[in-house]
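Each chain, written out:
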Amino acid sequence: MSQPTSNESRMEKLVSLCKRRGIIYQSSEIYGGIGGFWDYGPLGAELKRNLRDTWWRAMTRQRDDVVGLDATIIMHPAVWRASGHVDTFADMMRECTLTNKRVRADHVEPQSGSVMRFTGARGSNGWTLDRELTVLMRQGEHIESFRKRVRLLVAQNVGTASGKPEEIELLGEERVSVTEGSIDFHPETGGALNEARPFNLMLRTYVGPTATENDIAYLRPETAQAIFAQFKNVCDSTRVKVPFGICQIGKAFRNEVTPKNFTFRSREFEQMELEFFIKPDEAVKLIHGSVAAWSEGVDLSEPKPDWGWDLWHRYWVAQRTAYYASIGLGQDVLDYYWQEKADLAHYARACVDILYKFPFGTDELEGIAARGNFDLTQHQTHSGKQLEYFDEELKAACDAMSEEQKATFIEETHAARTRQETPREETEGFCAKLFKGLYVPHVIEPSAGLDRLALAILASAYDEEQVTDEKGKSETRTVLRFHPRVAPVKVGVFPLLKNKPELVAKAKEIVALLRPHMSVFYDETAAIGRRYRRQDEVGTPFGVTIDFETLGEGGPEMKETVTLRERDSMEQRRIPIEELLPFLLGRIL
């Protein structure tokens, strides 16, 4: 029976398990670690690889309309100027006036207490601090504990120059006011925060030996821009036709002000992004006479030629939901946030956040945005290269139109423009290109974080339950209930006794049979029950035990059979060795 556990306790246990069993380690731990960076151990590396493979298979190998790309982490800096990242990719940040620690302005929770002010501080060694300090003494905090905390923070910020923290004297103490629900104090230190200011999240580096301002480049903050930059090459070198997509999995980097919640918000992470290029609605209307409208009950299982951006967007929400269900994240752990108009980027028509109910709260797992033609248009403008797509079907439809029909279409298109200030000349130029079969494709972008997905899979899989062993003793079983598709190890193989060469030899034969097709863990140490528990804890869905009946000692009908144990139910049954591989393959693929 599964045992309830608080979300905080659950997260602590999960983090502990990840380190103990080689799933996730803190980066550079022997040197004290580095904030916002994580390493994946042997089992974590397998988990991430399996997730990559399931995503890639769903996006490319099971479809005819998506191709892949593997682009560089460092690109020409002009890419990021065109995309707007150089000027606008920033978080609003506030800095603690006591310790200089930074925090995202939208991550400051309301606090209450007494606002205390000091005119300065001095140490017993003659060191002095001649500036005003304003710190929040939180509700319920004892005055002496508060002073001790402030002395310690001052010492940590100054270093050894201030002498021992307990010998620092705080000067001119004054209780200024009492505050309720203030967001003007650092959530950790309590120090007063300065005004919010933008902080660019891109990590800079230099390309070449001189390291001047002209050599500045950036570690990419997202993988999407490389897809837009290579759009023309993909079109020219393959036989893709709109609608089609280009997808990529790769590292991205953001200099997050406050990385937090284990691997959820990191400074180095992996993205899995698809840019799915579609015809503008105006082109769909010219070809098919109308654009299909959304209504409850519309069939989204297969794309239709008359779909506009709205149905394509909803289609990809449904596709991504189905993908998550296929790896064990069902509707019971997912939620959706359809962004309001005020939340949208200026170029976006719609965006849906697929949310997962993490132990620390419900937060974004993936965003699916209808981005219009903003990105390709920006790169076309800044690079001077034509990124328009020639659509033969559109050209043929327009060639069949009369001049009167074209004039009517221009009038209807201009009247339907959402931006009322759009000049008529702009509408006429757009339509003139359409009549020639040319347009800049619009895009639907499902963008997921691989590290966030791995964390969601781990959080969803983690479970504890009370079980009773064969001797009637009750114990807590820790188990990761991974879907077999993504489990780091698919099957454990165990000879019943390690000191029986014939059992060991047969077990190793089975390992050799299975290993070309899946990840296998061989274990011959400790009692069989303990070996099962070890594999339960890392999420291995199946266990195979080779015993004396395998060798024929239980009668000829049991020879060449093994005990197959299923992790979740703990049920065991006999299965012929010749049926073992097809049985397992049917459950892990």
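See above for the structure.
All values derive from a computational prediction rather than experimental measurement.

A. Main features of the overall build of the protein chain. A count of helices and strands for the protein chain gives 17 helices and 29 strands. Within the protein chain, the proportion of its 589 residues that are buried is 49%. The contacts of the protein chain with a sequence gap of at least 6 include a subset with a gap of at least 24, amounting to 66%. In the structure as shown, the protein chain presents an accessible area of about 28,900 Å², 49% of it carried by carbon and sulfur atoms. In the protein chain, which carries 76 positive and 89 negative side-chain charges, the distance between the mean positions of the two groups comes to 4 Å.

B. Just the packing of aromatic side chains, in detail. One pass over the structure, following the stated rule, counts 23 aromatic pairs. Residues F244 and F277 carry aromatic rings whose centres are separated by 5.5 Å and whose planes lie at 40° to one another, so their mutual orientation is tilted. One end of the pair, F244, is in strand 15 (residues 244-253); the other, F277, is in strand 16 (residues 268-278), with 33 residues separating them in the sequence. Both residues of the pair, F244 and F277, count as buried. Ring centres of Y389 and Y439 lie 5.8 Å apart, and the angle between their planes is 45°; on these two criteria the pair is classed as tilted.

C. Spotlight on the sheet that holds strand 11 (residues 174-182). Across the sheet, three strands lie side by side as 9-6-11; this open sheet has antiparallel pairing. Looking at which strands have only one partner, the edges of the open sheet turn out to be strand 9 (133-138) and strand 11. For this sheet, the mean inter-axis angle between neighbouring strands, taken without regard to orientation, is 30°. For strand 6 (residues 111-118) and strand 11, the ladder comprises six bridges, and the chain directions are antiparallel. Looking across to strand 11, one finds that M116 is bridged to R175. Against the sheet, helix 5 (residues 143-158) touches strand 6 and strand 9, its axis set at about 140° to strand 9.

D. Representation of empty space enclosed by the protein within the structure. All chains considered together, the criterion is met by two cavities of 30 Å³ or more. In this structure, the largest cavity encloses a volume near 40 Å³. Mapped onto the lining of the largest cavity, the elements with two or more residues apiece are helix 16 (528-537), strand 27 (542-546) and strand 28 (561-566). With three residues, helix 16 is the largest single contributor of residues to the lining of the largest cavity. Its residues assigned to classes, the lining of the largest cavity comprises four nonpolar, three polar and four charged. In this structure, the second largest cavity spans a volume of roughly 30 Å³. Along its surface, the second largest cavity is lined by I278, W309, R349, A370, R371, G372, H442, V443 and I444. Within the residue set of the lining of the second largest cavity, elements represented by two or more residues are strand 19 (361-372) and strand 22 (442-449). Its residues assigned to classes, the lining of the second largest cavity shows five nonpolar, two polar and two charged.

E. Region of the structure containing the environment of T413. Inspection of the secondary structure assignment puts T413 in helix 12 (residues 403-416). Taking C-alpha positions, T413 is 60 Å from V491, a pair spaced 78 residues apart along the chain. If we skip the residues at most four places from it in the chain, T413 touches E282, T427, F430 and C431. Looking at T413, its side chain comes within polar contact range of the main-chain oxygen of F409, at 2.8 Å.

F. Spotlight on the sheet that holds strand 29 (residues 572-576). Read from one edge of the open sheet, five strands run 26-25-27-28-29, paired in mixed fashion. The sheet is open, and its two edges are formed by strand 26 (520-522) and strand 29, each paired on a single side. Taking each pair of neighbouring strands and ignoring which way they run, the sheet shows an average axis angle of 30°. Where strand 27 lies against strand 28, four bridges are found, and the strand directions are antiparallel. Note that in strand 28 the partner of T545 across the bridge is T563. The sheet strands contacting helix 16 are strand 25 (491-495), strand 26, strand 27, strand 28 and strand 29, and the helix crosses strand 25 at an angle near 165°. Each of strand 25, strand 27, strand 28 and strand 29 is contacted by helix 17 (residues 577-588), which is oriented at about 115° to strand 29, the strand it contacts most.

G. A look at the environment of E411. As for its position among the elements, E411 is in helix 12. The sequence separation of E411 and E553 amounts to 142 residues, and the corresponding C-alpha distance is 87 Å.

H. Inspection of the nonpolar core at higher detail. Formed by 61 residues in total, the largest nonpolar core has its most connected members in Y324 and L453. With nine residues, the single largest contributor to this core is helix 14 (residues 450-461). In this structure Y324 touches L329, L334, I354, L365, E366, A448 and L453, once residues within four positions along its chain are discounted.

I. Main features of the environment of G163. Along the chain, G163 falls in the loop between helix 5 and strand 10 (169-171). Exposure remark for G163: the relative accessible area of 31% places this residue in the partly exposed category. The sequence separation of G163 and W127 amounts to 36 residues, and the corresponding C-alpha distance is 7.9 Å.

J. View of the packing of helix 15 (residues 501-514) against helix 17. Contact geometry for helix 15 and helix 17: axes closest at 11 Å, N-to-C directions at 35°. Relative to helix 17, helix 15 is oriented so that their crossing is right-handed. For the pair helix 15 and helix 17, the contacting residues are K506, I510, L513 and L514 in the first and I577, L580, L581 and L584 in the second. Its residues assigned to classes, the contact of helix 15 with helix 17 comprises seven nonpolar, no polar and one charged.

K. Focus on the pattern of salt bridges. Evaluation of the coordinates by the stated rule reveals 50 salt bridges. Taken together, the shared-partner salt bridges in this structure form one network comprising D463, E465, E475, R477, R481, R533, D536, R565, R567 and D568.

Rules behind the numbers
Residues numbered from 1 in each chain as written. Predicted model: local features only at pLDDT ≥ 70, side-chain atom pairs only at ≥ 80, totals over all residues. Heavy atoms only, no water. Helix = DSSP H or I, 4+ residues; strand = E, 2+ residues; numbered from the N terminus. Buried < 20%, exposed > 50% of the residue type's maximum accessible area, 1.4 Å probe, protein only. Contact = heavy atoms within 4.5 Å. Areas by Shrake-Rupley, 256 points an atom, 1.4 Å probe, with all protein chains shown as cover. Lys, Arg positive; Asp, Glu negative; His and termini not counted. Charge placed at Lys NZ, Arg CZ, Asp CG, Glu CD. Phe/Tyr/Trp six-rings, centres within 6.5 Å; stacked < 30°, edge-to-face > 60°. Pairing = 2+ DSSP bridges. Axes fitted to C-alpha atoms, helices over the stretch in contact; angles between N-to-C directions. 1 Å grid on protein atoms, 1.4 Å probe; cavity = no way out; pocket = protein on both sides within 12 Å on 5 of 7 lines; lining within 4 Å. Points joined across faces, edges and corners; volume = space filled by probe spheres on them. Nonpolar A, V, L, I, M, F, W, Y, C, P; charged D, E, K, R; others polar. Polar contact = N/O pair within 3.5 Å; in protein donor to acceptor, adjacent residues only side chain to side chain. Core = buried A, V, L, I, M, F, W, Y, C linked by side-chain atoms within 4.5 Å. Left-handed = near helix turned anticlockwise from the far one by under 90°. Salt bridge = Lys/Arg side-chain N within 4 Å of Asp/Glu carboxyl O.

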